[in-house]
Amino acid sequence: MAYTLHIYLAQATPKIIRKKDRQSKEPHKDLTVRLVEECYKQGLVVLAAGIFSNVLRFLPPLVITDGQLNEALDILEEAFEASVN
């Protein structure tokens with residue numbers, strides 16, 4: 001299945017990722033749930049949000065270091081790969 005990934009940056013934080021099926025344009029709540037669970041297993045806390053529960057919220061603290069941010073993004077990338085496959 002092909003997914004469209006929209007990434008929005010509202011002010012300095014939070015980071016919001018919204019997932020929809022590329023062909024049907026339907027929100028993918030199931031993918032968001034899998035992403036949240038996979039991130040949690042690897043030690044990254046993210047939230048599912050939005051009217052359709054297809055929004056992934058990543059709320060880093062303002063004092064996050066570059067190393068911590070890179071680690072979080074690596075976990076998020078691995079979670080995407082694990083959830084889509």
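About the thresholds
Residues numbered from 1 in each chain as written. Predicted model: local features only at pLDDT ≥ 70, side-chain atom pairs only at ≥ 80, totals over all residues. Heavy atoms only, no water. Helix = DSSP H or I, 4+ residues; strand = E, 2+ residues; numbered from the N terminus. Buried < 20%, exposed > 50% of the residue type's maximum accessible area, 1.4 Å probe, protein only. Polar contact = N/O pair within 3.5 Å; in protein donor to acceptor, adjacent residues only side chain to side chain. Contact = heavy atoms within 4.5 Å. Patch = residues over 30% accessible without salt bridge, like charges linked within 9 Å, V, L, I, M, F, W, Y side chains within 5 Å. Areas by Shrake-Rupley, 256 points an atom, 1.4 Å probe, with all protein chains shown as cover. Salt bridge = Lys/Arg side-chain N within 4 Å of Asp/Glu carboxyl O. pLDDT = per-residue confidence, 0-100.

Trainee: For this particular structure, what's the right way to read the side chain of S83?
Mentor: Relative to the helices and strands, S83 resides in helix α2 (residues 66-84). Classification of S83 by relative accessible area gives buried; the value is 5%. Here A79 takes part through its backbone oxygen, which lies 2.8 Å from a polar atom of the side chain of S83. Setting aside chain neighbours within four positions, we find S83 in contact with L31, R34, L35 and E38.

Trainee: I tried to follow a nonpolar patch on the surface on my own but got confused; where do I start?
Mentor: On the surface, a nonpolar cluster with roughly 430 Å² of combined accessible area is contributed by Y40, V45, L47 and L59. With respect to the helices, strands and loops of the structure, V45 is situated in the loop between α1 (29-41) and β3 (47-49). By relative accessible area, V45 is classed as exposed at 59%.

Trainee: What exactly am I supposed to notice about the confidence of the model for the protein here?
Mentor: Low-pLDDT portions of the prediction should not be read for the details of their coordinates. Confidence along the protein averages 76 in pLDDT terms, with 71% of residues attaining 70 or more. Element-level mean pLDDT values for the protein span from 49 in strand β1 (residues 3-9) up to 89 in α1. Scored below 50 in pLDDT, residues 8-14 makes 11 contacts in the model with residues more than four places away or belonging to other chains.

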